[in-house]
Each structure stands twice: as C-alpha cells, then as structure tokens.
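Topology and contacts: notes
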Amino acid sequence: MDIENVLVVAEQAKDCDGLDKTEASENVLDSVVDKEAEKVPTVAREAVIEEPQDSKEGNKNPESDEYAYLDATGFTSELFKIEVRGLPKYYGISELKKLLNVKMNLSTNKIKIMKPGSPFIFICFRCQEDREAAIKALDGFKWKGKTLSAFEAKPSPDPLVRRRKEASAAEGEPLNTKRRSVEACATALAYLPYEEQLLQKQSEMENVLQKFGKELWSSVPSLRSYIEKQREHNNGLPCALEPIRPSPVQNGYRNKCEFSIGKDGSGVKRVGFRVGSYSNGFLEVEPIKDLKHIPDCMKQTVSLFEEFVQASNLEVYSAETYQGYFRQLTVRMSNATGQVMVVVGVHLQELPLEEQKSLKDSIVKCLTSEAGKNAGICSIYFEVIQKRQQGQFTNPIEHLYGETHIEDTILGLKFRISPQAFFQINTPAAEVLYQCAIDLASPDKNTSILDICCGTGTIGLCFAKHCKQVLGVDIVAQAIEDAKHNAERNGIENCKFFDGNADDLIMSLIRHANIIPAQHESLLAILDPPRAGLHVRSITQLRNARGLNKLVYVSCSPQSAIKNWVDLMRPCSKQLRGEPFIAKRAIAVDLFPHTPHTELVILFEREPESGTVEETIVPNTDSIVGE
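- The name recorded for the protein in an unreviewed UniProt entry is tRNA (uracil(54)-C(5))-methyltransferase, from Anopheles sinensis.
- Entered under Catalytic activity (unreviewed entry) in the UniProt record, the comment concerning the protein runs "uridine(54) in tRNA + S-adenosyl-L-methionine = 5-methyluridine(54) in tRNA + S-adenosyl-L-homocysteine + H(+)".

In structure tokens form, the structure reads like this:
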C-alpha cells in the first residue's frame, strides 16, 4: 500500500489533499488491511482488525505472533468469518446487503468486498452460531443465475507483525517498503514550481476525462458515435475542459488539519503526520514544521500541544497495542479573522472521571497560555474517540473553552464554522471554485436550486443572489444548523435547509420547489458530495426528476466520481426513467497546492426529449470563465 493512500485512509469528509487522518481506528485499520489483502492469496486475502475494546492479556506475543490480535482485541469478528464464492459479475453493494440482511435474515457483522464486481467476498459474524447458519443458507443458494458456495475462512494475519517478520528475515526494511519524509508524504508536489504543478494537474484531469470517455464507450454503446464526435471537437475528451484555475494562495492555505499523535522513529512523543502505515510495519509520526501548506498559527498550536503531550504522564495511543490516550489534534482557523479552534481527540480507556476532569483543565490551561493566545486560539473542544455505533456519524464532543464557533468569509458572505462541519480547506480557492460553478450553471431569477450535500450552506448561499431559491440537504444535523444560521447572518431569505439523507429527500425537495414551467421557471442541482460520490439512489432520483434539466457536479475525487457521471448519461431504463444528462464542460480548480489533488467541476445538461445526443455537441472554443 502506498504511503499516500495511508494518509487519506480515514477521510470521510471532503478535505481531499492527502493528509494523515486518524479519526477512528476501525476506519484506519480496516482500510489498510483491505488494500494489503489484495496482495494475499486465497482465504487470507482480506484481514480485518476490529476497533479494540479494552485489551486483555493473552498467551500470544503481539511482537511476533501474527494472530495475537485475536486475543488482544477483546472481540474480533475475524474469529467468525466465511468466504462466499461464485458471485455474479454485476451486483451492487446495497443489493448484496439487502439480500443477506433482509431477504435471508443473516446476522452479519461486517461485509468485506475486495473490489466492485469481485466474484468472492468475506462476511464476518459475531458468533459461531451465526456463522454456521449463514454457511447453511448460502452454500448452494442461487442468485442472479449463479450458484454460491460458502465455507469457513481462517482469520487473516496481522499485516504489521507480518511486515516486521519479513524485515527481520531480510535483516533490513520491511519488504517492498520505502520510507519517505513527511514532506514527500503530505506535499508530494512541493518540489515543483507552482506553474509546473498546474500543468501536471491539468494533464491528470485530462486523463480522468479520457477514462470517463472510455467507461462511456464500453458501458453505453448507444453513445459511441456521440463520444467520437465529442473527442474530435475536444482534443480527445468526452466534453470541453477549461484551463485549470490556480489557487490565489499557494502557501499556508489550509484552514483545517487533523494531526496524528504518536511517536517518531526515536520513540519521542510527537504531534504531526503519520509517515508509515500499519501494513508497512511502521507507524511513526513526524513533525510538520517545514510543510509549506500549513499556516504559522497551526504550527504554533501544534508545537505548544506537543510540549504538553511530552510533559504529560499519559501515553500516546498505539494502534498496535490499543493502549494510550492522546489520539488526534484537529486545528481549524479562519482566513478572515485569524481565529483558531482546537479539538483534542482522546481515547479515554478506563480513565476515572476525576482524572478526566483534571486532563481537561490542564488542556485548557496549556492552550490558553500566552503562547496559545499568540497563536490565536479562541475555542477549545474535547473529543472522545471511540467505536461508533450504528447510525452514529460523529464522536462525542464537549466544548471546554471560549467561542463555540469561528467565522470565515467567502465571496463577501460570512460563514459560521462548527468543530465537525465541512468547510472547504482553502478559503481563497473556494471562492474561485464557487464562482466557476455559478458561471457554469448560469442561473437566473426563475431558477430554483437543489444543493445536495450542502454542508454549512456555503455553495448554496453563494448562489442565492443569482436565483429564485435554494433548497439544501445534508445528513449532518449540526451542519444544517450552521447553514440556517449562515443564511440569517447574511440576511438571505430565499434559502431553506433540511437535515436528512439526500437519498430519501431529493423528490421531496423537488416537490417543495414547485416549479412552474409555463412561467419559464427551471430547476438546477448542485452536487458537492464526499469523495466516494453519491449513492446510486440519489443519481436515480435526479435522473427521474421532471423539470431538472441542468446539473453541476463538484468533485474533490474525480476518479471516484466517474461511475456517477456514467450513470447520469446512461439511456433510459426501468430504473432510470428520465432522459439522460450530457456532460458539457469541465473546469479544474486547484484547491490543494503542493499536493496531487484537484477539484473538478462538470456541467451536465438534460438531453432534449425530441432531440438527439448528436445535436448537443459543444466544441471547446471560448472559455466560460475569464482567466
């Protein structure tokens, strides 16, 4: 597994620039072993190490035994795992879960799919009885014309221990492992002049769109003549691609970082970024003082808290032993006001309440010292990092000191930011991004806008003065509260925000919009989803929505969004009843200087029912947005 992948392994929000995330160990470890598993043959291909409960003293040595974690973690569903083979070539993850959990009523604990369309999967259970019942039900079961086989799967070895044993045998570094500096991990392009970074990113976005075109060609044969004509007009791409828009600020631009707390190669407690991975056999955390994209106020905050951690008698958390307390330090800052918010993430283990209170008091005393005031710290939170329950999207968090929010500005609008809300991490570049989206969409006073995955309402509120109304939805309730506050704070009255799953609410929002075509009213959707993209249910509802003829898709992970784009352009079917959309224009915006990541905005327009796809070709001529 590449080190860069480790640094984004727990990325659930949209801060897509390749920094280390240690939000919860079940996310980190599961993702690491999933990638590592692809290299391991047969039933041991996939290793799952559950979020540890309180460690128990077993009879296995975790330093040398690859299966010691089975005793050390208290409970792991690796003990009750099965392998299912013979799966059909095409099936959806949600479809599979429905089959197992609803139709067959199996008590699954984890379903591990190696990759989409994989002919085999691993399923973990909480007890032997559930595992035996599943094997009996699945072995010989026919699904989509295929006969499944099911059998017990052995627990997978701990990849960390395995790598260390390989290193010991080789008398050196773990095999196939290259240690890299924190600068190379977090800012892989920092060695290049900025103009060369932009050229590289523009080329990468061209590659993404070429891959998009190939996916369309192979999966939608009816579009082949259209794709060929588009390629002729757009330098081999399925739609026009504008020149990349640079970030107005290249250094110190990050307004949020999640720093790991651990030890460096010498065993010194550090607050910084992890430069290794569990599967590679080393978990060192290195300082961030020389990284170009982190502002000085964050570096000062990290240095101050690192001194506190080093002086504390509490240990830092270890993903290997499941012991220790200090896990993560999240720092947010306002580009407009210089305010700094700090969220200290701690694994409390069995720490008594009295000691918990003492720890919180000492944290506040440290961060409100003269050095903390000089760094701009005005808000302090305490986050309890723990295994999340079903339906729980965030960890428990407690306000300890100062302001409950900080405030930043985009396109002249003021936005309140709460500790766990999404906010674009490069504020000046976000203004460029949103202006590109506005110019691509070209709304007017008769346009109603659906803001899907609206977060704190930033993009929808920036659209508000250009349209009739904005209706936003987001699954995070606190983000919706922030969005409502932001609308009121800016005196914007034509925006409404709703908390809930977009998959369930899109049709309700469309009805709420109450579009009247006879009065030349139109409906437009703005999609700004997490890096994994939108669920197919949301795509289906957007396709089936009458009156929705234009859509702007903002992606922080274009490679991951290709499936969504293809589904938007598929011909009508029983599921996708509405006319397909057509990709018209795309613009890359660099929100992440010095890293390989780029935002891509694509305009889709509905194919006219009476027209043909060929009539919608747009040659790559004049730029929509001025340079």
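Next comes the rest of the account.
1. Regarding the sheet that holds strand β6 (residues 149-153)
- A sheet is described by the order of its strands in space; here four strands give the open sequence β2-β3-β1-β6, paired in antiparallel fashion. At either margin of the open sheet sits one strand with a lone partner, and together these are β2 (108-113) and β6. Recorded for the sheet is a direction-independent mean angle of 25° between the axes of neighbouring strands.
- Direction of pairing for strand β1 (residues 81-85) relative to β6: antiparallel, over a ladder of five bridges. Residue pairing in the sheet places Val 84 in a bridge with Ala 150 of β6.
- Against the sheet, helix α4 (residues 93-103) makes contact with β2 and β3 (120-125), and its axis sits at roughly 150° relative to β2, the strand it touches most.
- Packed on one face of the sheet, helix α5 (residues 128-138) meets β1, β3 and β6 and runs near 155° to β6.

2. So, the side chain of Lys 256
- For Lys 256, the location among the structural elements is in strand β8 (residues 256-263).
- On the accessibility criterion, Lys 256 (8% relative accessible area) is buried.
- Looking at Lys 256, its side chain comes within polar contact range of the side chain of Glu 258, at 3.4 Å.

3. Quick word on the environment of Lys 360
- Along the chain, Lys 360 turns up in helix α11 (residues 353-367).
- Look at Lys 360 and you get buried, because its relative accessible area is 16%.
- Aside from chain neighbours lying at most four places away, what touches Lys 360 is Phe 382, Glu 398 and Leu 400.

4. Points about unusual backbone geometry
- We note that Lys 144 has phi near 55°; this positive angle belongs to a residue other than glycine.
- Tracing the sequence through the fold places Lys 144 in the loop between β4 (142-143) and β5 (146-147).
- Overall, Lys 144 belongs to the partly exposed group, its relative accessible area being 42%.
- A positive phi angle, near 55°, is found at Asn 235, a position not held by glycine.

5. Points about the packing of helix α10 (residues 296-311) against α11
- For the pair α10 and α11, the least separation of the axes is 10 Å and the interaxial angle reads 140°. The orientation of α10 with respect to α11, classified from their angle, is oblique. α10 and α11 meet at a crossing whose hand is right-handed. In this structure, α10 uses Leu 304, Phe 305 and Phe 308 to contact α11, whose residues at the interface are Leu 359, Ser 362, Ile 363, Cys 366 and Leu 367.
- Partitioning the contact of α10 with α11 into residue classes produces seven nonpolar, one polar and no charged.

6. Section: the packing of helix α16 (residues 502-513) against helix α17 (residues 536-544)
- Where α16 contacts α17, the axes come no closer than 8 Å and their chain directions differ by 15°. The angle between α16 and α17 falls in the class roughly parallel. Crossing angle aside, the handedness with which α16 passes α17 is right-handed. Every residue of α17 that contacts α16 at Ala 502, Asp 503, Asp 504, Ile 506 and Met 507 is listed here: Arg 537, Ser 538, Gln 541 and Leu 542.

7. Section: the pattern of salt bridges
- Inspection of every chain in the model, using the stated rule, returns 21 salt bridges.
- Among the salt bridges present, the one from Lys 81 reaches Glu 78, with a minimum N-O distance of 3.2 Å.
- When salt bridges with common partners are traced through the structure, they connect Glu 242, Arg 245 and Arg 585 into a single cluster.

8. So, the UniProt feature "active site" (unreviewed entry) in the protein
- In the numbering adopted here, UniProt assigns the feature "active site" (unreviewed entry) to Cys 556.
- Inspection of the secondary structure assignment puts Cys 556 in the loop between β21 (548-555) and α18 (558-569).
- Judged by relative accessible area, Cys 556 falls into the buried class, the value being 5%.

9. Let's talk about the pairing of strand β15 (residues 406-410)
- Going residue by residue along β15, you find Ile 406, Asp 408 and Ile 410 tucked away on one face and Glu 407 and Thr 409 left uncovered on the opposite face.
- As judged from the five bridges shared by β15 and strand β16 (residues 413-417), these two strands associate in the antiparallel manner. Bridge pairing in β16 places Ile 410 opposite Leu 413.
- The antiparallel pairing of β15 with β16 creates a hairpin that spans two residues between the two strands, and Leu 411 there sits at a positive phi of about 50°.

10. Examining the packing of aromatic side chains
- The final tally for this structure, using the stated rule, is nine aromatic pairs.
- Residues Phe 120 and Phe 122 carry aromatic rings whose centres are separated by 5.9 Å and whose planes lie at 85° to one another, so their mutual orientation is edge-to-face. For the pair Phe 120 and Phe 122, one class covers both residues: buried.
- Geometrically, the ring pair formed by Phe 259 and Phe 273 is stacked, given 5.2 Å between the ring centres and 20° between the ring planes. Residue Phe 259 is found in strand β8, and its partner Phe 273 is found in strand β9 (residues 269-274); the two are separated by 14 residues along the sequence. Taken as a pair, Phe 259 and Phe 273 share a single burial class, namely buried.
- A network of ring pairs unites the aromatic residues Phe 212, Tyr 553 and Trp 565 as a single cluster.
- Lying across the ring of Phe 122, Lys 81 places its NZ or CZ 4.7 Å from the centre.

About the thresholds
Residues numbered from 1 in each chain as written. Predicted model: local features only at pLDDT ≥ 70, side-chain atom pairs only at ≥ 80, totals over all residues. Heavy atoms only, no water. UniProt positions renumbered as here; feature names shortened; annotations may be inferred. Pairing = 2+ DSSP bridges. Helix = DSSP H or I, 4+ residues; strand = E, 2+ residues; numbered from the N terminus. Axes fitted to C-alpha atoms, helices over the stretch in contact; angles between N-to-C directions. Contact = heavy atoms within 4.5 Å. Buried < 20%, exposed > 50% of the residue type's maximum accessible area, 1.4 Å probe, protein only. Polar contact = N/O pair within 3.5 Å; in protein donor to acceptor, adjacent residues only side chain to side chain. Parallel < 35°, antiparallel > 145°, perpendicular 65-115°, else oblique. Left-handed = near helix turned anticlockwise from the far one by under 90°. Nonpolar A, V, L, I, M, F, W, Y, C, P; charged D, E, K, R; others polar. Salt bridge = Lys/Arg side-chain N within 4 Å of Asp/Glu carboxyl O. Phe/Tyr/Trp six-rings, centres within 6.5 Å; stacked < 30°, edge-to-face > 60°. Lys NZ or Arg CZ within 6 Å of the ring centre and 35° of its normal.

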